[in-house]
Amino acid sequence: MVWSTTPGRLSHLAADTRAQRSTLAGMSDSRLLRIGTRNSPMALAQAERVRAMLADRHPDVTVEVRSMSTSGDRWLGDLAVLGGKGAFTKEVDAALLNGDVDLAVHCVKDVPGDRPAPAGTVLAAYLARDDVRDCLVHPGGLRIEQLPAGARVGTSAVRRVAQLALHWPDLVPVPIRGNANSRLAKLDAGEAYDALLLAVSGLQRIGQADRITHPIDVDSMIPAVGSGTLVLQCRDDDTRTRDLAASLNDPRTWRETMAERTMLHILQGNCHSPIAALARTEPDGRLGLRARVISLDGKTVLDVHEWAADPITLGTSVAAALLRQGARELLDLPTHGSA
Ligand SMILES: NCc1[nH]cc(CCC(=O)O)c1CC(=O)O
């Protein structure tokens with residue numbers, strides 16, 4: 001594991017801390033909160049956002065960011081070989097459980113939806129959701145409907161591949177791995193890809209929003225469960241950190257995420273499942289959940305949109321409707337390389 005430390009507020013708090021040490025002897029540890037994150041540029045930006053939010057609301061707490069590489073970042077082959085999405089969270093989970101860090105920041109999209117959070121940890125708070133849309137990045141500035149037939153679009157997400165096939169069957173999805181920065185570099189190299197599909201929120205977080213040439217409407221390209229949402233995870237017996245995390249929770253995002261992830265859990269979706277879903281709070285306060293399960297060729301589309309007051313009821317009902325329409329058959333298709 002590779003560690004690096006960002007001192008954050010440490011430097012300008014040093015004088016205060018020294019002054020307090022005589023009166024608060026032995027309490028300095030309880031004023032330190034260590035955030036663990038994978039070390040991709042996007043993950044570091046996310047952790048820094050949380051550090052700044054905590055430092056702003058809790059000036060008495062010193063927050064540090066500790067980054068580490070994950071197997072998902074190191075392995076650039078098929079993720080199925082590593083057993084799925086946990087590839088990006090496993091090392092951070094371990095650091096949290098053994099007490100090296102106190103808080104982990106994850107994209108909800110990368111947190112496995114087919115099993116509970118690792119034993120001993122809790123998903124304690126959800127930050128207010130960012131832009132949920134996927135977007136096209138095209139070096140010539142084109143929108144997706146302007147791409148010529150045969151254009152090669154870099155994406156490995158089955159959800160994006162299936163919805164490309166559904167709406168733009170003349171485009172050719174080409175697998176691509178690596179973090180968003182390295183994908184942009186591959187696009188710019190100009191050999192393998194004509195355009196990319198990426199998340200708007202991710203590009204914003206790494207300061208590359210100016211590369212977006214077309215944010216695609218959510219009815220054409222329904223996002224992934226948890227898109228644009230950051231979640232804070234801590235040890236379930238660490239009440240101090242749970243309280244700090246809870247101070248950043250956005251109740252509306254929490255409710256929307258519960259609906260989407262309840263559905264995903266019932267469908268037992270993983271990163272090879274062509275599942276798209278978006279929960280949204282309507283002006284009247286009810287929650288709507290729109291979901292699609294799609295065959296990779298885009299020819300079979302199950303589409304459900306329901307509304308309810310309770311997120312668990314809603315997620316359950318949408319999953320049940322998808323299963324009645326035959327979702328199991330689309331989801332159980334063998335995927336290349338997975339067990
Ligand atoms: N697949 C990796 C991943 N996980 C979360 C995001 C974007 C940020 C988010 O939705 O929270 C991305 C990049 C992308 O899909 O372009």
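Note: the structure precedes this text.
Residues numbered from 1 in each chain as written. Predicted model: local features only at pLDDT ≥ 70, side-chain atom pairs only at ≥ 80, totals over all residues. Heavy atoms only, no water.

(A) Focus on the sheet that holds strand S13 (residues 287–294). As summarised here, the arrangement of the three strands in space is S12-S13-S14, forming an open sheet in which the pairing is antiparallel. In the strand order of this sheet, the two ends are held by strand S12 (275–281) and strand S14 (301–308), each with one partner. In this sheet, neighbouring strand axes are inclined to one another by 10 degrees on average, regardless of whether the strands run parallel or antiparallel. As judged from the seven bridges shared by S12 and S13, these two strands associate in the antiparallel manner. The partner of Ala277 across the bridge, within S13, is Ala291. (Pairing = 2+ DSSP bridges. Helix = DSSP H or I, 4+ residues; strand = E, 2+ residues; numbered from the N terminus. Axes fitted to C-alpha atoms, helices over the stretch in contact; angles between N-to-C directions.)

(B) Structural context of the sheet that holds strand S8 (residues 172–174). Within the open sheet, the five strands sit side by side as S8-S7-S9-S6-S10. Their pairing is mixed. The sheet terminates laterally at S8 and strand S10 (214–215), the two strands that pair on one side only. Where strand S7 (residues 152–154) meets strand S9 (residues 195–199), two bridges bridge the pair, whose relative direction is parallel. Its bridge partner being in S9, Val153 is matched across the sheet by Ala195. Of the strands in this sheet, strand S6 (134–137), S7, S8 and S9 touch helix H5 (residues 158–167), which is tilted by about 125 degrees from S9. Packing against the sheet, helix H6 (residues 180–189) makes contact with S6 and S9, and its axis sits at approximately 165 degrees to S9. (Contact = heavy atoms within 4.5 Å.)

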